[in-house]
Amino acid sequence: AVPRTRILATGGASHNKKILQVLSDVFNAPVFTIDTANSACLGSAYRAIHGLVAERNMSLADVVKLAPEPRLAVTPTPGAEELYRPLLKRYAELEQKVIYNSASSC
């Protein structure tokens, strides 16, 4: 995983520990959750505020300082990275083929 990478899961699936564990294992990163209603709307609102204050060179991190603190839900299973690293590489290669083929057929 990229250093300091973490996943923030929201919505209904964020209450399912098995789904969160798969995310954590695949991306080799801890998964955090926020216990708040309408989290997608909240995220959109923070992005909108960030857009409004962009000319002040305010970072998104500064905008969301008052957001609810995320809680650690799961961490990667030891050894899972060895299983998923080659699969992620293969997925990225296939995704590039799809993008290239779609762009060349337009």
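Residues numbered from 1 in each chain as written. Predicted model: local features only at pLDDT ≥ 70, side-chain atom pairs only at ≥ 80, totals over all residues. Heavy atoms only, no water.

The name given to the chain in an unreviewed UniProt entry is XYLB kinase, with Certhia brachydactyla as the source organism. Entered under Sequence similarities (unreviewed entry) in the UniProt record, the comment concerning the chain runs "Belongs to the FGGY kinase family." (UniProt positions renumbered as here; feature names shortened; annotations may be inferred.)

J.: What exactly am I supposed to notice about the overall build of the chain here?
T.: When you go through the chain residue by residue, the secondary structure sums to 4 helices and 3 strands. Along the chain, helices and strands appear, N-terminal first, in the series β-α-β-α-α-β-α. Whereas a compact globule of 106 residues would reach a radius of gyration of roughly 13 Å, the chain reaches 17 Å, over 25% beyond that. Principal-axis analysis of the C-alpha atoms gives the chain an extent of 40 × 40 × 25 Å. Looking at the chain as a whole, 19% of its 106 residues are labelled buried. (Helix = DSSP H or I, 4+ residues; strand = E, 2+ residues; numbered from the N terminus. Rg over C-alpha atoms; globule rule 2.2 N^0.38 Å. Buried < 20%, exposed > 50% of the residue type's maximum accessible area, 1.4 Å probe, protein only.)

J.: Explanation requested: the nonpolar core in the structure shown.
T.: Soluble, globular proteins show a tendency: their nonpolar side chains are buried together. By size, the foremost hydrophobic cluster in this structure holds 7 residues: Ile7, Ala9, Leu20, Ala29, Val31, Ala73 and Val74. When contributions to this core are tallied by element, the ones reaching two or more residues are strand E1 (7–9) and strand E3 (71–74). With residues near it in sequence (within four places) discarded, leucine 20 still touches Ala9, Ala13, Ser14, Val31, Thr33, Ala73 and Val74. (Core = buried A, V, L, I, M, F, W, Y, C linked by side-chain atoms within 4.5 Å. Contact = heavy atoms within 4.5 Å.)

J.: Sorry, what's going on with the layout of surface pockets here?
T.: Empty space among the atoms becomes visible once a probe the size of a water molecule is rolled across them. Its boundaries defined by the atoms lining it, the largest pocket holds a volume of some 590 Å³. Along the wall of the largest pocket there are 19 residues; nearest its centre are Arg6, Leu8, Ile34, Val64 and Pro70. Residue assignment for the lining of the largest pocket shows that the elements contributing at least two residues are E1 and helix H2 (39–52). In terms of residue count, the dominant contributor to the lining of the largest pocket is H2 (5 residues). (1 Å grid on protein atoms, 1.4 Å probe; cavity = no way out; pocket = protein on both sides within 12 Å on 5 of 7 lines; lining within 4 Å. Points joined across faces, edges and corners; volume = space filled by probe spheres on them.)

J.: So what exactly am I meant to see when it comes to the sheet that holds E1 here?
T.: The pairing of strands in a sheet happens through backbone hydrogen bonds and is either parallel or antiparallel. On the basis of which strands lie adjacent, the open sheet formed by 3 strands has the order E1-E2-E3 and mixed pairing. Each having just a single partner strand, E1 and E3 make up the two edges of the open sheet. Strand-to-strand twist across the sheet, computed as the mean angle between neighbouring axes with direction ignored, equals 45°. As paired elements, strand E2 (residues 31–33) and E3 share 3 bridges and run antiparallel to each other. What sits directly across from threonine 33, in E3, is arginine 71. Contacts between helix H1 (residues 17–27) and the sheet are confined to E1, E2 and E3, with E3 contributing the most and set at about 85° to the helix. (Pairing = 2+ DSSP bridges. Axes fitted to C-alpha atoms, helices over the stretch in contact; angles between N-to-C directions.)

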